[in-house]
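# A closer look at the structure
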Amino acid sequence: MERVIRGVEEMNSLAEELAEDLAGGDLVLLYGELGAGKTTLVKALARVLGVKEEVTSPTFNIVAEYEAVGQAGIDKLVHVDLYRLAGGAAAGDYIVKEALEQAQNKDRLTVIEWADRLGEAAPVNAKKLYLKHGLKENERVVEIE
């Protein structure tokens, strides 16, 4: 399914729809170029899940965890950002390995930005979203696999 997103409000709506199909133990992989809306989508998901803290991209920490209260079964949002890890290094990074191992825990939803940097280590059972710039300035195209 492909969807054109025109602004933050439509990204929020997409996050609400996605959250309806997500449960604790799910893993969401986000693919896309710089500025395509990956972090905006994570922030929108956090809002839907009742995260009270400000969500920022954990580029230097790689992983950030937030308490969630909005959806039954998801008590924690785990946000992973692989931007600063080179292609092959992401899959071998200790913190990334730990986040992937814990992703199946039923109390959490794990979302990984720059998932392409996982290479063949990307779990096949994850929900995959591909984000790219649209034709207009504030337009994004999201393909959900």
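Structure's up top.
What counts and how
Residues numbered from 1 in each chain as written. Predicted model: local features only at pLDDT ≥ 70, side-chain atom pairs only at ≥ 80, totals over all residues. Heavy atoms only, no water. Phe/Tyr/Trp six-rings, centres within 6.5 Å; stacked < 30°, edge-to-face > 60°. Helix = DSSP H or I, 4+ residues; strand = E, 2+ residues; numbered from the N terminus. Buried < 20%, exposed > 50% of the residue type's maximum accessible area, 1.4 Å probe, protein only. Lys NZ or Arg CZ within 6 Å of the ring centre and 35° of its normal.

## With respect to the packing of aromatic side chains
Scanning the entire structure with this criterion turns up two aromatic pairs. On the basis of an interplanar angle of 15° and a centroid distance of 4.7 Å, the ring pair of Tyr31 and Tyr130 is categorised as stacked. With Tyr31 in strand β2 (residues 27–32) and Tyr130 in strand β6 (residues 127–133), the pair connects residues that are 99 residues apart, well separated along the chain. You can call Tyr31 buried: its relative accessible area is 14%. Judged by its relative accessible area of 28%, Tyr130 falls in the partly exposed class. Look at Tyr83 and Trp114: their rings are 5.0 Å apart centre to centre, the planes differ by 55°, and that puts the pair in the tilted class. Residue Tyr83 is found in the loop between β4 (74–81) and α3 (87–92), and its partner Trp114 is found in the loop between β5 (108–113) and β6; the two are separated by 31 residues along the sequence. For Tyr83, a relative accessible area of 35% corresponds to the partly exposed category. You can call Trp114 buried: its relative accessible area is 10%. In this structure, Lys38 packs its charged tip against the face of Trp114, placed 4.1 Å from the ring centre.

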